Amino acid sequence: MRFPFRFVARSCKAFHRLRQSPFLLPDSAVSRHQSIAVLSHQSKDERSYYITTPIFYVNASPHLGHLYSAVIADCLHRYKLLQGFNSKFSTGTDEHGLKIQQAAEAAGKDPLTFCTDVSERFKHLFSSCNISYTDYIRTTEQRHRQAVEHFWSVLWKKGHIYKGHYEGWYSTQDESFLTPLQVDDAVDSTGKEIKVSLESGHKVEWMKEENYMFRLSVFRSQLLDWLRGNPQAVQPEHFYQIVLQWLEHDLPDLSVSRQRSRLQWGISVPNDPEQTIYVWLDALVNYLTVAGYPDNHDQWWNVAHHVVGKDILKFHAVYWPAFLLAAGLPLPQTIHVHSHWIAGGKKMSKSLGNVVDPLQRSQLFTTDGMRYFLLRQGVPDSDCDYTDHKVLKLLNAELTDSLGGLLNRCTATALNPAQVYPSFCPLSFPREQGGRAVVEDYLMLDAVKNLPAVVEQHYESMHVYKALEAITACVRQTNGFVHRHAPWKLDKRNSKEQRWLDTIIHVSLECLRIYGTLLQPIVPEISNKLLSRLGVQPGERSWAALNFLPTYQGMDCPFEGRALGSDTGVLFSRLESQNVDEQKRNKAKRKKN
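No experiment lies behind these values; they were computed from the predicted model shown. (Residues numbered from 1 in each chain as written. Predicted model: local features only at pLDDT ≥ 70, side-chain atom pairs only at ≥ 80, totals over all residues. Heavy atoms only, no water.)

Draft legend 1. A look at the overall build of the chain. When helices and strands are counted, the chain shows 20 helices and 18 strands. Residue burial in the chain is summarised as follows: out of 593 residues, 55% are buried. For the chain, the computed accessible surface area is about 26000 Å², with 51% contributed by carbon and sulfur atoms. (Helix = DSSP H or I, 4+ residues; strand = E, 2+ residues; numbered from the N terminus. Buried < 20%, exposed > 50% of the residue type's maximum accessible area, 1.4 Å probe, protein only. Areas by Shrake-Rupley, 256 points an atom, 1.4 Å probe, with all protein chains shown as cover.)

Quick look at the structure:
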C-alpha cells in the first residue's frame, strides 16, 4: 500500500519530534548555539574587521596579480560579513613618485590626468570582477594628503626623523633604497655595464643628496619582540621566517624624502617645500587614511589586516610597523602574504607576449569562474602557473560537472516532481546504522557537519585553496552518495521506497545548501543561484545558519516541504576550448589592425 506524501511527511516528523531532547543535541550543535549567543552580546567595536589590499601603482594597467590581491581581500571581507562582522574593505591606487612623474611625461599628460586614467582602469576591473570594496582610496586625494602631513609631523615631533645626507643605491622602478648587499653587476641591452637590484632585477643608480632620514635602526629590537610574540602576525609561516631573518641584521636608517628638484610629483614635507615625502611612506599611510586618521580611526585601526604580494613584504612587515611604532599606533593584526602568478612556467612580460589580461579572461571564463580559479589554484607561499587550459579544465570539472551536476540531478522533475524540499525520514536514515544508509553515507554526514569549521580555519589563515579542496571533496562524497543509492531506480509506488527517495534528495539538498553558503565569499553569483534554486532566502544564508541536517538531530528543518526556486537553468555553463582559441585569434587580429 502506498501512503500519500503528506502522510509520510507527518509520520517522519512525528518520529523526530518524539526524539527531540536537549540531551540529544550533538556537541557541535550546542557549541554553535553558545558561540552565536556570545557573539550577539559583543559590542559593535569588538565585531569590526578591516581588510586592505595594497594600493596599486598606476604606472601601467592592472594585471592578474592585482586582481588576485583584490579577490583574496574580497573573499575575507565577504566571509566576515557572513559571520556578522561590521567589515570595512579598502583598495585603491598609489599615484605619487618619480616613476609616475616619468610615465606621465612619456605619455604627454599632466600627472593627475595620467593617474586618473589608469586608476579608472583598476576601478573598472574590480567592478567587473565583483570586488565589493567599501572604500577606494587615491593618494592624490585631499583627505590622504592631510593624513600624511599629520603622520609626518608626529614622527618629526617625536624625534624619529632628522635632516641628513643619503648616499647609496636607489631603484626608480621599485621606488626603493638598497644596501650594497642588495645590488649586483649586470649588462643592459646595449652591452653597457650597470648595477641592478638582486631582488627585482631592475636598474639602480647611485644617489647622493640631502634629505630627511627615519631612525629605522632603533626599532629593530621592538620589531623582533612584536613578531616573536605574535607568530601569526605574518602569514604564511614561510614569509614570517623571512622577516625574522631580515631582522637578524642591523637596519640602516631610511631616507624618507627626495629633493623637490628631483621629484615634484608628491606631497611636500611640512614646513620644507624643498623636499618631497618618500613615496612609500606616503603610500603606506593610506591604510590609516581610510580608517579615519588622525581623528576617529581607533575602531578600524585596532582590527586592521593587510593582504600584500611577496614583492612588497619588507615595506609592510619592516618599514610600516616601524613607522607605526614611532607614531605610537597599534600594529596590524595580520599581514597576509601571497606569491606571484607566472604564465606557462615563465614570468609574465610584454616582450614574451605572455601577459594575462585579467579583464578579458574574466569575460571569457566569467567573473565567478576567474575568482574560483585564482582562489582554488593560488597557493600563498609559492608562485602559481596560469594557463587557459588549466582554467577551462578546472571549472568544467568542479563547477559544471561536480557541483552543477549534483544540483541538476537533485532538483530534476524526474526525481522531484513536486519541486519541493522533500522530507527526511529517520526510519530510513537512523542515527544508528540499521536503515538503508551504509557506512560511507555516515562518513559523508560527518564530513559535511565538520566542513564549516574546516573552511573557517582555512579562510582565517588565507589558505582559501585548502577550504576549496575540503568543499570539493565533500561534493564528491555527495555525488557518490547519490550514485550509490540511484534514486532514479526506486519504485515510487512503494511507500518505503518513496520515503527513502525523499530522504536521499533531502540529504543531498542539505549538503548543497551548506556548500552554497560556504562558497558565497568565493563565487557570490553562483552561490546565489544555487541557494535560490533550493528556496533558501537571503536571511538564511549567514554563517549562523550553517546548521546541517537538523532533522537528523531530531530538530525541525525550516526548509522541509518548501517550494524550490523557479530558476531551473544550468548552474555553470560548460566552457569549450574552441571558444577560448577563437577569442585569442580575434584579439590577435585586433592588435594587428
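Moving on from the coordinates now.
Draft legend 2. A look at the sheet that holds strand E12 (residues 257-259). Reading across from one edge, E12-E14-E13 is the order of the 3 strands in this open sheet, with antiparallel pairing throughout. Since the sheet does not close on itself, it has two edges, and those belong to E12 and strand E13 (268-269), each with one partner. (Pairing = 2+ DSSP bridges.)

Draft legend 3. Inspection of empty space enclosed by the protein at higher detail. Taken as a whole and judged by the stated rule, the model has 3 cavities of 30 Å³ or more. Size it by volume and the largest cavity reaches roughly 60 Å³. Counting only elements with at least two residues in the lining of the largest cavity, the list comes to helix H15 (388-411) and helix H17 (464-485). Ranked by residue count, the leading element in the lining of the largest cavity is H17, at 4 residues. Tallied by class, the residues present in the lining of the largest cavity amount to 7 nonpolar, 1 polar and 1 charged. (1 Å grid on protein atoms, 1.4 Å probe; cavity = no way out; pocket = protein on both sides within 12 Å on 5 of 7 lines; lining within 4 Å. Points joined across faces, edges and corners; volume = space filled by probe spheres on them. Nonpolar A, V, L, I, M, F, W, Y, C, P; charged D, E, K, R; others polar.)

Draft legend 4. Structural view of helix H12 (residues 313-327). An ideal rise of 1.5 Å per residue puts 21 Å on 15 residues; H12 measures up with 20 Å between its terminal C-alpha atoms. Along H12, the sharpest kink reaches roughly 30°, centred on tyrosine 319 and followed within four residues by the proline proline 321. Counted residue by residue, H12 has 13 buried out of 15 residues, so it is predominantly covered. (Expected span 1.5 Å × (residues − 1). Bend = angle between axes of the 7 residues up to and from the residue.)

Draft legend 5. How the structure looks around the pairing of strand E8 (residues 193-197). Pairing analysis gives 5 bridges linking strand E7 (residues 183-187) to E8, with the strands arranged antiparallel. Bridge pairing links aspartate 185 to lysine 195 in E8. What sits between E7 and E8 in their antiparallel hairpin is a turn of 5 residues, with glycine 191 showing a positive phi close to 95°. Pairing analysis gives 2 bridges linking E8 to strand E9 (residues 203-214), with the strands arranged antiparallel.

Draft legend 6. Focus on H15. Considering bend angle alone, the principal kink of H15 is centred on glycine 404 and spans about 40°. Counting buried positions along H15 gives 17 out of 24 residues, so the element sits mostly inside the fold.

Draft legend 7. Molecular detail of the packing of helix H7 (residues 220-229) against H12. The N-to-C vectors of H7 and H12 enclose an angle of 105°; their axes lie 10 Å apart at closest approach. Considering the angle they form, H7 stands roughly perpendicular to H12. On the side of H7, the interface is formed by Gln222, Leu223 and Trp226, while H12 contributes Ala317, Val318, Pro321, Ala322 and Leu325. Partitioned by chemical class, the residues of the contact of H7 with H12 number 7 nonpolar, 1 polar and no charged. (Axes fitted to C-alpha atoms, helices over the stretch in contact; angles between N-to-C directions. Parallel < 35°, antiparallel > 145°, perpendicular 65-115°, else oblique. Contact = heavy atoms within 4.5 Å.)

Draft legend 8. Representation of the packing of aromatic side chains in the model. In total, this model carries 30 aromatic pairs according to the counting rule given. Taking 5.6 Å as the distance between ring centres and 5° as the angle between the ring planes, the aromatic pair formed by phenylalanine 56 and phenylalanine 122 counts as stacked. With phenylalanine 56 in strand E2 (residues 56-57) and phenylalanine 122 in helix H5 (residues 111-128), this residue pair connects regions lying 66 residues apart in the sequence. The same class applies to phenylalanine 56 and to phenylalanine 122, which are both buried. Ring centres of phenylalanine 315 and tyrosine 319 lie 5.5 Å apart, and the angle between their planes is 80°; this geometry places the pair in the edge-to-face category. Of this pair, phenylalanine 315 and tyrosine 319 both sit in helix H12, 4 residues apart, roughly one helical turn. No difference in accessibility class separates phenylalanine 315 from tyrosine 319, as the two residues are buried. An aromatic cluster is built from Tyr50, Phe151, Tyr287, Tyr293, Trp301 and Trp320, whose rings are joined through pairwise contacts. (Phe/Tyr/Trp six-rings, centres within 6.5 Å; stacked < 30°, edge-to-face > 60°.)

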